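# Coordinates in review
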Amino acid sequence: MKVLVLTGAGISAESGISTFRGSDGLWEGHKPQEVATPEAFADNPALVHRFYNDRRRQIQQATVRPNAAHQALALLETALGEDFLLVTQNVDNLHQRAGNSRVIAMHGELLKVRCNETGEIFDWHEDLTEGTPHPNNPLIQKSLRPHIVWFGETPFYLPQIEDAARQADVFISVGTSGTVYPAAGILSQTQSHCRTIEINPFPTPLSPKFDETIRQKASIAVPIVTQQIQDQSIIRG
Ligand code: OAD
């Protein structure tokens, strides 16, 4: 049984990371859309760096840890192996910290930066500024940017994600508002035999299209659903 899971900011809400479209949706008076674009980076790189430096620091605070939903998905990967794939829109690394390795971070990762000139990707835990030198070539200047997919840019690994959606027997969408494409379009790439489940305390525009919607917090619902899948896959052999 092939299981594809898509996660969004809601799965990390209970780990203390605010969602994008919550009531406190502004950062220092800016909508995220105003700072998370290539245009904003070209116009005001210092502002954009500050926005992501804040976020990078936040996810490294001792209080920010994987919650029961992340942990349940790590257990499901252990049980299913190659039949499991996790696609996340989150850039917070909490799935990886919980133990998942079959993770596609389609919107990038906060703990990585990329060189605009060479395409190299570096692990990164510190603040980044325009003046931060390239780690191994001091001749390249002002080339580092957060390894994040900004509005207007193409998410990573779309062909692999589409493949996984077509092959999935179960598709679970957790904690995403279903408003940002192409992630929101993964549901429509699943085939008719695939059982589709949404976990979100609130309705989304996509809710009517799922076979089942579970109006619960991720930390409650994900452990239950993943246990049911493990029980079924044991029965099916
Ligand atoms: P959103 O902030 O748009 O949506 C978060 C969803 O999580 C909402 O539908 C909430 O109802 C739900 N939610 C809140 N608490 C929850 C909980 N405890 N358990 C389960 N669900 C809960 O976040 P995303 O859908 O992830 O893109 O946003 C998609 C993309 O838009 C992000 O990846 C980011 C953003 O702009 C980029 O940065 C490119």
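Preceding this section is the structure that the text describes.
None of these values were measured; they are calculated from a predicted model.

To continue, consider the pairing of strand β7 (residues 170-174). When you tally the buried positions in β7, you get five out of five residues, the bulk of the element. Of the two faces of β7, the one holding Val170, Ile172 and Val174 and the one holding Phe171 and Ser173 are both buried throughout. Strand direction decides the pairing type here: strand β1 (residues 3-7) and β7, joined by five bridges, are parallel. Pairing of Val3 across the sheet is with Val170, part of β7. Relative to strand β8 (residues 195-199), β7 is paired through five bridges, and the arrangement is parallel. Following the sheet pairing, Val174 is matched in β8 by Ile199.

Here we take up empty space enclosed by the protein. In the structure shown here, the tally under the stated rule is one cavity of 30 Å³ or more. Of the voids in this model, the largest cavity is the one considered here, and its volume is about 60 Å³.

Next up on the list: the sheet that holds strand β6 (residues 144-148). Read across the sheet, three strands follow the order β5-β4-β6 without closing on themselves; strand pairing throughout is antiparallel. The open sheet terminates on both sides in strands that have one partner only, identified here as β5 (121-123) and β6. Neighbour to neighbour, the strand axes of the sheet diverge by 45 degrees on average, direction disregarded. As paired strands, strand β4 (residues 108-115) and β6 are joined by five bridges and run antiparallel to one another. Note that in β6 the partner of Arg114 across the bridge is Arg145. Each of β4 and β6 touches helix α4 (residues 45-59); the most contacted strand, β4, lies at about 135 degrees to it.

For the rest of this paragraph, the subject is the side chain of His134. As for its placement among the helices and strands, His134 is situated in the loop between β5 and β6. For His134, a relative accessible area of 4% corresponds to the buried category. Polar contacts involving the side chain of His134 include one to the main-chain amide nitrogen of Asn136, which spans 3.1 Å. A distance of 3.0 Å separates a polar atom in the side chain of His134 from the backbone nitrogen of Asn137. Apart from the residues within four sequence positions on either side, His134 is in contact with Cys115, Thr118, Glu120, Phe122, Ile140, Ser143 and Leu144.

Counting 22 residues, the largest nonpolar core has Val3, Val5, Ile172, Val174, Ile199, Val222 and Ile229 as its most contacted members. Of all elements in the fold, only β1, α5 (68-80), β2 (84-88), β7, β8 and α9 (218-236) reach the threshold of two or more residues within this core. Not counting residues within four places of it along the chain, the set of residues in contact with Val222 comprises Ala69, Ala72, Leu73, Val174 and Ile199. Grouped together as the second largest cluster of nonpolar side chains are 18 residues, Leu4, Leu85, Ile186 and Leu206 included.

Reading the values: rules and limits
Residues numbered from 1 in each chain as written. Predicted model: local features only at pLDDT ≥ 70, side-chain atom pairs only at ≥ 80, totals over all residues. Heavy atoms only, no water. Buried < 20%, exposed > 50% of the residue type's maximum accessible area, 1.4 Å probe, protein only. Helix = DSSP H or I, 4+ residues; strand = E, 2+ residues; numbered from the N terminus. Pairing = 2+ DSSP bridges. 1 Å grid on protein atoms, 1.4 Å probe; cavity = no way out; pocket = protein on both sides within 12 Å on 5 of 7 lines; lining within 4 Å. Points joined across faces, edges and corners; volume = space filled by probe spheres on them. Axes fitted to C-alpha atoms, helices over the stretch in contact; angles between N-to-C directions. Contact = heavy atoms within 4.5 Å. Polar contact = N/O pair within 3.5 Å; in protein donor to acceptor, adjacent residues only side chain to side chain. Core = buried A, V, L, I, M, F, W, Y, C linked by side-chain atoms within 4.5 Å.

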